[in-house]
Amino acid sequence: MQELKNEPALIKKLVSEDPDAFDQIFENYYRKVYAFSLGNLRNKEAAEEAVQDVFYNLWKDRAKFKDLKDIEAWIFTICLNIIRKHFRRLATEKRHLKKYAESYPDSDSSTMYEVEYRDLLENTEKIIENLPPRQRTILLLNRKESLSNLEISKKLNISVRTVDNQLSKAKAFLKEALVDGSLLSLLFFHLFIN
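These notes cover the structure that comes with them. Quantities reported herein were computed from a predicted structural model and do not represent experimental measurements.

**Notes on the packing of aromatic side chains**
Taken as a whole, this structure holds 8 aromatic pairs when the rule is applied. Judged by centre distance (6.4 Å) and plane angle (20 degrees), the ring pair of Phe22 and Phe26 falls under stacked. Of this pair, Phe22 and Phe26 both sit in helix H2 (residues 19–41), separated by 4 residues, roughly a single helical turn. Given the relative accessible area of 26%, Phe26 is considered partly exposed.

**What to know about the nonpolar core**
Among the nonpolar cores identified, the biggest contains 30 residues, and Leu14, Ile25, Val33, Phe55, Leu58 and Ile75 are the most heavily contacted of them. Elements with a contribution of two residues or more to this core: helix H1 (7–15), H2, helix H3 (44–60) and helix H4 (71–103). Counting residues per element, this core draws most heavily on H3, at 9 residues. When residues no more than four places from it in sequence are discounted, the contact partners of Leu14 are Ala21, Phe22, Ile25, Leu58, Trp59, Arg62, Phe65 and Ile71.

**Describing the pattern of salt bridges**
Two side chains bearing opposite charge may form a pair once their charged atoms approach each other closely. Summed over all chains, the structure comprises 4 salt bridges. Residues joined by salt bridges that share partners form a network here, namely Lys60, Asp61 and Lys64.

Reading the values: rules and limits
- Residues numbered from 1 in each chain as written.
- Predicted model: local features only at pLDDT ≥ 70, side-chain atom pairs only at ≥ 80, totals over all residues.
- Heavy atoms only, no water.
- Phe/Tyr/Trp six-rings, centres within 6.5 Å; stacked < 30°, edge-to-face > 60°.
- Helix = DSSP H or I, 4+ residues; strand = E, 2+ residues; numbered from the N terminus.
- Buried < 20%, exposed > 50% of the residue type's maximum accessible area, 1.4 Å probe, protein only.
- Core = buried A, V, L, I, M, F, W, Y, C linked by side-chain atoms within 4.5 Å.
- Contact = heavy atoms within 4.5 Å.
- Salt bridge = Lys/Arg side-chain N within 4 Å of Asp/Glu carboxyl O.

And the structure:
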């Protein structure tokens, strides 16, 4: 990885929404952030998602960088926080799954889980079909194609803020429609939608 030339000027360009500055920072740090994430998460998909989140946050929070002196320190602090959040989420999911499994000690419960899961999946697809077209498109690009909000904004030629807003509305609608109080529906939402 080569050093960024004139980092303060590059940060200033990033703050003023210069996509070339973002691209330079991305190109300079992508591999290092990915290696760091993969080394900690030990999962390729989780590491790719962490990298995506880091650079999404970089673009989203660019206005806060006016006085930033060391972009590398910021990038790796955010990356570490994302990794910690990932492990906290996994621990929470594990506790919920254990609690759910304990409430159904029946040895034939795997069939019941599959039926419930299929029902939730079908219900979710029906709910997604009822979303307004833009929200549905953005949600599907985010969840099925794993595109970041920045990538979606470029693909649809809309602002990242619009993507953020539409995605938040779609998730809120799905959460309200899906989460009926059962632990399985709550887990399903957090694992596959949130």
